[in-house]
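The residues making up each chain are set out below.
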Amino acid sequence: MTSTQTPLERLEQTIEGHQVDRLPILILTKMFGLKQLGIAVNDCLKSSPDLYVKSQRHCVEELGHEALWAFSGIWEINEILDPSTIKDTEDARLVHRHYLNSIEDVKSLPGLLVKDQGKIPWVLEIIKKLKSLSENRYPVFGHLSMPFENAFMLRGNDLYKDLIRSPALVHQLLEYILELDLQYAMLMRDAGADIIWGTNPTVNAELMSNKHYEGFGFSYDQRFFSTLREKGIKTMFHACGDWSGRVDKVFELGADIYYLSRHFDLKEAKKNLGDRGAIMGNVPVVDTLLQGTSQEVERQATACANLASIGGRYILGADCTSPRDTPPENMATIFRVAKEFVLSQGER
Ligand SMILES: [Zn+2]
């Protein structure tokens with residue numbers, strides 16, 4: 001089938017619920033792309049933005065991928081507050097010491113403008129270069145850590161005790177991070193990001209009650225997404241892990257794309273979301289993309305598309321972050337499924 005739309009047009013039309021030329025697909029290739037060129041994470045972080053951009057160029061130009069993913073969401077706020085709390089390895093950037101020893105330390109957090117701090121100029125340069133590489137054909141994604149997730153990276157497991165013992169200080173911390181996140185999102189948009197996205201597994205149903213989710217998770221994430229929407233910025237939320245009992249709240253966050261974990265029933269999710277955005281998912285990354293055969297990838301991806309593509313507003317995708325070690329033939333298969341899938345012209 002011949003494509004008549006660019007991946008960026010196809011994605012924008014899908015979010016709006018309009019008819020598209022074929023099934024859109026998004027697979028996060030930040031780590032996979034580095035692996036294809038044999039680039040270690042610590043070397044990438046030490047090098048000029050060009051090295052990372054080269055890995056994303058390889059994904060779209062050589063492998064036929066359909067989006068450009070910035071190397072962001074790497075605990076930039078932790079690094080700005082104290083670079084010695086961060087450690088880079090060949091495989092990942094890690095927080096090896098929490099910045100906040102006590103929740104009382106929130107009272108002495110410095111006032112910050114993120115613009116020129118830490119790795120942020122490096123990330124913004126990557127986004128500018130990806131935007132130029134895109135020539136408006138591919139969507140450019142910028143990722144950041146949502147408020148509670150970032151608070152967790154600053155404070156660790158004790159944050160869950162703090163929200164019971166010292167809720168006011170936890171709120172103070174979340175307000176502080178929300179402000180920095182909004183600054184950072186605007187900088188990414190100005191650098192050329194088409195879609196800003198985040199995930200928040202630290203507030204899902206595995207980790208806190210619905211009541212705590214409403215106060216400490218939902219309220220901040222919803223303010224983040226609604227502020228960006230008011231500014232005309234498109235967004236994506238990855239509902240990572242189990243959100244049972246709070247799915248209705250998830251779809252009230254105000255994001256444009258909901259990137260759904262394996263715990264979501266795609267049909268139900270689509271009905272629930274209605275015309276408020278698009279859903280994406282949920283081919284299993286571990287069982288299928290990483291460990292399955294190419295035939296299994298084809299079967300699972302086709303099953304997801306059959307379940308959710310009728311009527312539009314669906315993007316073929318994985319159920320979580322695609323692993324760096326995903327076999328290239330499996331990655332190629334899921335893209336082939338999207339390109340060959342025959343969209344049913346159901347009601348839109
Ligand atoms: Zn996930």
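Residues numbered from 1 in each chain as written. Predicted model: local features only at pLDDT ≥ 70, side-chain atom pairs only at ≥ 80, totals over all residues.

Draft legend 1. Spatial organisation of the overall build of the protein. Summing up its helical and strand segments, the protein has 15 helices and 10 strands in all. What you see for the protein is a C-alpha radius of gyration of 19 Å, in line with the 20 Å of a compact globule of 348 residues. Projected onto its principal axes, the C-alpha positions of the protein cover 60 × 45 × 40 Å. (Helix = DSSP H or I, 4+ residues; strand = E, 2+ residues; numbered from the N terminus. Rg over C-alpha atoms; globule rule 2.2 N^0.38 Å.)

Draft legend 2. Quick look at the sheet that holds strand 1 (residues 25-26). An order of 1-10-9-8-7-6-5-2 is seen for the eight strands of this open sheet, with the pairing classed as parallel. Edge positions in the sheet fall to strand 1 and strand 2 (68-69), since each of these pairs with one other strand and no more. The sheet contact formed by strand 2 and strand 5 (residues 140-143) spans two bridges and is parallel. Bridging from a neighbouring strand, L68 pairs with V140 of strand 5. Each of strand 9 (278-283) and strand 10 (314-318) touches helix 14 (residues 294-308); the most contacted strand, strand 9, lies at about 150° to it. (Pairing = 2+ DSSP bridges. Contact = placed C-beta atoms within 7 Å. Axes fitted to C-alpha atoms, helices over the stretch in contact; angles between N-to-C directions.)

Draft legend 3. Main features of the packing of helix 7 (residues 147-155) against helix 9 (residues 167-191). Relative to each other, helix 7 and helix 9 sit at 115°, their axes nearing to 9 Å. It follows that helix 7 is roughly perpendicular to helix 9 by the angle criterion. Regarding helix 7 and helix 9, the two cross each other, and that crossing is right-handed. Across the interface between the two elements, P147, F148, N150 and A151 from helix 7 touch L173, L174, I177, L178 and D181 from helix 9. Of the residues contributing to the contact of helix 7 with helix 9, the split by class is seven nonpolar, one polar and one charged. (Parallel < 35°, antiparallel > 145°, perpendicular 65-115°, else oblique. Left-handed = near helix turned anticlockwise from the far one by under 90°. Nonpolar A, V, L, I, M, F, W, Y, C, P; charged D, E, K, R; others polar.)

Draft legend 4. Structural detail: the pairing of strand 9. When you tally the buried positions in strand 9, you get six out of six residues, the bulk of the element. Two elements, strand 8 (residues 257-260) and strand 9, share three bridges in a ladder whose sense is parallel. Each bridged residue has a counterpart across the sheet, and for Y258 the counterpart in strand 9 is I279. Tracing the backbone out of strand 8, into helix 12 (residues 266-273) and back to the parallel element strand 9 gives a crossover that is right-handed. Where strand 9 lies against strand 10, five bridges are found, and the strand directions are parallel. By the bridge assignment, V283 is partnered in strand 10 with A318. (Buried ≥ 20, exposed ≤ 12 C-beta atoms within 10 Å, placed from the backbone. Right-handed = clockwise from strand over helix to strand, strands pointing away.)

Draft legend 5. Region of interest: unusual backbone geometry. Here the phi dihedral of W75 falls at roughly 60°; this positive angle occurs in a residue that is not glycine. In this structure, W75 sits in the loop between strand 2 and helix 5 (76-81). For R313, which is not glycine, the phi dihedral falls at a positive 55°. With respect to the helices and strands, the residue R313 is situated in the loop between helix 14 and strand 10. Since 24 C-beta atoms lie within 10 Å of it, R313 is described here as buried.

Draft legend 6. Local environment of the packing of helix 9 against helix 10 (residues 210-230). Their axes nearest at 11 Å, the elements helix 9 and helix 10 cross at an angle of 25°. In terms of their interaxial angle, helix 9 and helix 10 are classed as roughly parallel. With respect to the hand of their crossing, helix 9 and helix 10 are arranged in right-handed fashion. Facing helix 9, whose interface residues are V170, L174, L178, D181, L182 and A185, helix 10 presents F216, Y220, R223, F224, T227 and L228. Broken down by class, the residue content of the contact of helix 9 with helix 10 amounts to nine nonpolar, one polar and two charged.

Draft legend 7. Expanded view of helix 12. Among the residues making up helix 12, those that are buried are L266, A269 and K270. Down the axis of helix 12, the buried side of the element spans an arc of 100°, and every buried residue falls inside it. Facing away from the buried side of helix 12, by more than 90 degrees, are the exposed residues K267, E268 and K271. Two residues or fewer after helix 12 comes G274, characterised by a positive phi angle close to 60°. (Arc of directions from axis to C-beta.)

Draft legend 8. Representation of the domain arrangement of the protein in the model. In terms of domains, the protein is made up of domain 1 (1-29 + 279-348) and domain 2 (41-64 + 67-261). Taken over C-alpha atoms, the centre of domain 1 sits 24 Å from the centre of domain 2. At the interface, 17 residues of domain 1 touch 17 residues of domain 2. Residues that form the side of domain 1 that touches domain 2 fall into these classes: 11 nonpolar, five polar and one charged. (Domains from an automatic or database assignment.)

Draft legend 9. Region of interest: the nonpolar core. Within the largest apolar cluster, 107 residues are counted, with the highest numbers of intra-cluster contacts made by A70, I127, Y258 and I334. Among the elements that line this core, the one with the most residues is helix 9, at 11 residues. Of the residues that make up this core, three or more belong to each of domain 1 (1-29 + 279-348) and domain 2 (41-64 + 67-261). Not counting residues up to four positions away in its chain, the partners in contact with I127 are A70, V140, G142, M188, A191, G192 and A193. (Core = buried A, V, L, I, M, F, W, Y, C linked by C-beta atoms within 7 Å.)

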